[in-house]
Structure formats: C-alpha cells, structure tokens
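The primary structure of each chain is shown beneath.
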Amino acid sequence: MGNSAVGADGGPRAGGEDSGGPHRSRPAKHRSFWKELPILVVAALVLALLIKTFLVQAFSIPSESMQNALQPGDRVLVDKLTPWFGSEPERGEVVVFHDPDNWLSGEPTSHPNIVQKALSFVGVMPSADEHDLIKRVIGVGGDTVECKGAGPLTVNGKPLTEPYVFPGNTPCSDDTRGGRFKVTVPAGTLWMMGDHRQDSEDSRYHQADKNHGFVPVDQAVGRAFVVAWPLSHWATLPVPDTFDRPGINTAAALAPDALALVGAVPAVLWRRGRAAAREV
C-alpha cells in the first residue's frame with residue numbers, strides 16, 4: 001500500500017493536507033491600481049468638498065474695485081474656518097460676502113460649462129456662478145463712519161491713513177450719489193468699501209437698498225487672507241495698522257490652532273494604522 005496521509009482521527013487528510021512543516025498562508029493579493037483609482041478619486045473629491053465647506057475656498061476677482069491689493073483675475077483663498085468659532089469680520093479685513101440686495105444687478109453673468117461647475121462645487125476651482133463680492137470692512141456694529149468732500153475717511157471721529165487706496169484716488173468721493181455720508185453701523189452689520197474708491201460700487205452707493213448699504217454679518221463668507229494665483233501676485237492680506245483693534249479676538253486666535261488640529265488628525269490616524277499593522 002502507498003503512504004497516504006492520515007488525519008488526527010485516523011482518516012485520510014482532506015485536500016491533500018501536508019503532514020510535515022509549518023503551515024504557510026498565501027500572501028494576500030493587492031488590488032490593481034485601476035481598481036483603486038475610483039476609490040482614490042472619490043476620497044479626494046470628498047476631502048476637497050469638506051475643505052471648501054468648512055476650511056478654505058478659492059474665489060476669483062472679477063473687477064478693479066479692490067485695486068491695488070487685488071487685481072482682476074487674481075485668485076484669493078478665503079478662511080471659512082474662523083467663523084465656525086464665532087468670530088466676526090473686523091475693521092480692515094478683506095472679506096468675501098454674498099450679494100446682500102442685488103448689488104450685482106446689471107453685471108454680466110458667467111455661463112460655466114459642466115466641468116467648471118463640478119470643479120467649482122468641490123472647491124478645486126473658484127466658484128463661477130455664485131453672487132459674491134469682496135470689499136474691505138471699514139466699520140462694524142456701533143461705529144460711526146463719515147466722509148466729507150475728498151476725505152479723509154473717519155471712523156468714530158478718527159481719520160484713517162489709508163495707504164491701500166488706489167493711487168490717484170481720494171479716500172472719499174465728493175459726489176451726490178452717496179460719496180458724502182455719515183452713518184452709524186447697526187449691530188450685526190458691516191460697512192464695506194473698495195480700495196479703488198472712485199471705481200467701487202460699495203456700501204456708499206447702496207444706501208437705498210433694504211439694508212441701507214449695510215451688509216449683514218451672516219452674509220459674510222469669510223476673510224480673504226492670501227492672493228494665491230497667479231504666483232507673480234502672491235501676497236498676504238493683513239489688516240492695515242491704521243485700524244486700531246482693541247484686544248485680541250479669542251476665536252480668531254484659536255483658529256490657527258484648530259486648523260493645525262484638523263491637519264494633524266490624518267497623521268495621527270496613519271501612525272495608529274502603522275502601529276496596528278506591526279502588532280498583527
């Protein structure tokens with residue numbers, strides 16, 4: 001008789017089970033790159049959408065109203081994280097906000113194609129069809145802002161030194177359309193003005209709308225903090241020294257730490273995954 005393998009119960013081993021040596025499992029097969037690619041694409045799109053919704057979004061500058069700080073065609077990055085901590089726009093910040101009451105009526109409307117719409121939706125490209133504006137915050141709730149003649153512009157009786165005003169412009173516009181004004185900003189609203197004072201349809205020229213030219217704080221999308229594109233225009237957008245801001249906004253101070261925490265989470269999870277793999 002031949003030497004047949006015998007199991008523990010005296011019967012033959014099933015499936016030709018080897019009686020000698022340690023049992024070795026076959027290495028797991030890895031998925032091919034093309035099978036993993038759709039998963040990677042979906043994960044990247046979800047991450048981009050989360051970043052756009054909660055952290056940072058890109059916006060395109062369509063006009064000359066914020067020259068010379070911003071040029072037409074510039075792409076700015078807007079901080080959307082800080083408002084989640086209760087922070088509100090402050091004097092001197094460059095802020096993107098939703099059109100409060102048809103400020104953009106009469107402006108040409110863009111017609112993005114389906115690819116541009118998809119990329120805008122996830123935040124990879126600046127939004128092409130949202131009705132948003134970008135201006136500088138001059139007054140917040142409780143401030144009195146005034147322009148007489150050609151200026152200077154005053155906030156709470158204090159004249160501002162405004163080096164960011166477009167060269168050749170005067171801080172105030174001596175016209176009858178709204179360039180001469182004195183307003184007290186209601187709580188929960190902002191008084192917004194462009195740096196290109198004689199080429200900016202801002203709060204001054206919308207005092208007849210439902211908000212009397214003031215922009216509700218809840219219409220603010222976030223603060224533009226850097227010009228990201230083109231690279232030749234790269235620059236930060238700090239608050240000018242002329243705006244005396246008493247104290248430090250706690251929420252704003254916490255925002256960088258919160259952003260760092262958000263950024264650290266994937267690294268921590270990756271390290272935990274590596275440690276678990278070594279223990280198996």
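Think of each chain on its own: its residues are numbered from 1, step by step along the sequence as written. Residues qualify for local features only when their pLDDT is at least 70, as the model is predicted, and side-chain atom pairs are given and counted only at 80 or more; totals for whole chains, interfaces and linings, by contrast, use all residues. By convention in this description, side-chain values take in all heavy atoms of the structure and omit both hydrogens and water.

**Some thoughts on the packing of aromatic side chains**
(1) Moving on: Each Phe, Tyr or Trp ring (for Trp, its six-membered ring) is paired with any other whose centre lies within 6.5 Å, and the angle between the two planes then decides the class: stacked below 30 degrees, edge-to-face above 60, tilted in between. The tally for this structure, following the rule as stated, stands at four aromatic pairs.
(2) Moving on: Seen in terms of ring centroids, Tyr164 and Phe243 are 6.4 Å apart; in terms of plane orientation they differ by 15°. Their pairing is stacked. Of this pair, Tyr164 sits in the loop between strand E7 (158-159) and strand E8 (181-184) while Phe243 is found in the loop between strand E12 (235-236) and helix H3 (250-279), placing the two residues 79 residues apart along the sequence.
(3) Moving on: Members of the aromatic cluster, each reached through a chain of ring pairs, are Phe181, Trp191 and Phe214.
(4) Moving on: We call a charge positioned over a ring when the NZ of a Lys or the CZ of an Arg lies within 6 Å of the ring centre and within 35 degrees of the ring normal. The ring centre of Tyr164 lies 4.1 Å from the NZ or CZ of Arg136, which sits over that ring.
(5) Moving on: Of note, Arg177 hangs over the ring of Tyr205, and the distance from its end group to the ring centre comes to 4.3 Å. Secondary structure counts use DSSP, requiring at least four H or I residues in a row for a helix and at least two E residues in a row for a strand, with both numbered from the N terminus.

**Description of the sheet that holds strand E5 (residues 144-147)**
(1) Moving on: Between any two strands, pairing holds if DSSP finds at least two bridges. Taken in spatial order, the four strands of this open sheet run E7-E6-E5-E8, and their pairing is antiparallel. Looking at which strands have only one partner, the edges of the open sheet turn out to be E7 and E8.
(2) Moving on: Where strand E6 (residues 154-155) meets E7, two bridges bridge the pair, whose relative direction is antiparallel. Paired with Val155 across the bridge in E7 is Lys158.

**Details of the confidence of the model for the protein chain**
Low-confidence regions, as indicated by low pLDDT, have predicted coordinates that should not be scrutinised in detail.
(1) Moving on: The pLDDT value expresses, per residue, how confident the predictor is, ranging between 0 and 100. Within the protein chain, residue pLDDT values average 77, and 62% of them lie at 70 or more.
(2) Moving on: By definition in these notes, contact holds between two residues if any of their heavy atoms fall within 4.5 Å. Of the regions scoring below 50 in pLDDT, residues 4-8 engages in nine contacts with residues more than four places distant in sequence or in other chains.
(3) Moving on: Below a pLDDT of 50 lies the segment residues 245-280, which in the model reaches 21 contacts outside its immediate sequence neighbourhood of four places, other chains included.

**Focus on unusual backbone geometry**
Phi is mostly negative for residues that are not glycine, and the peptide bonds are mostly trans.
(1) Moving on: The omega torsion of the bond from Gln67 to Asn68 falls at 5°, within 30 degrees of zero and hence cis.
(2) Moving on: Among the structural elements, Asn68 can be located in the loop between strand E1 (56-60) and strand E2 (75-79).
(3) Moving on: With an omega dihedral of 10°, the bond running from Gly151 to Pro152 counts as a cis peptide bond.
(4) Moving on: Positionally, Pro152 belongs in the loop between E5 and E6.
(5) Moving on: Its identity as a non-glycine residue notwithstanding, Asn156 has a phi of 55°, on the positive side.
(6) Moving on: Looking at the element boundaries, Asn156 is found in the loop between E6 and E7.

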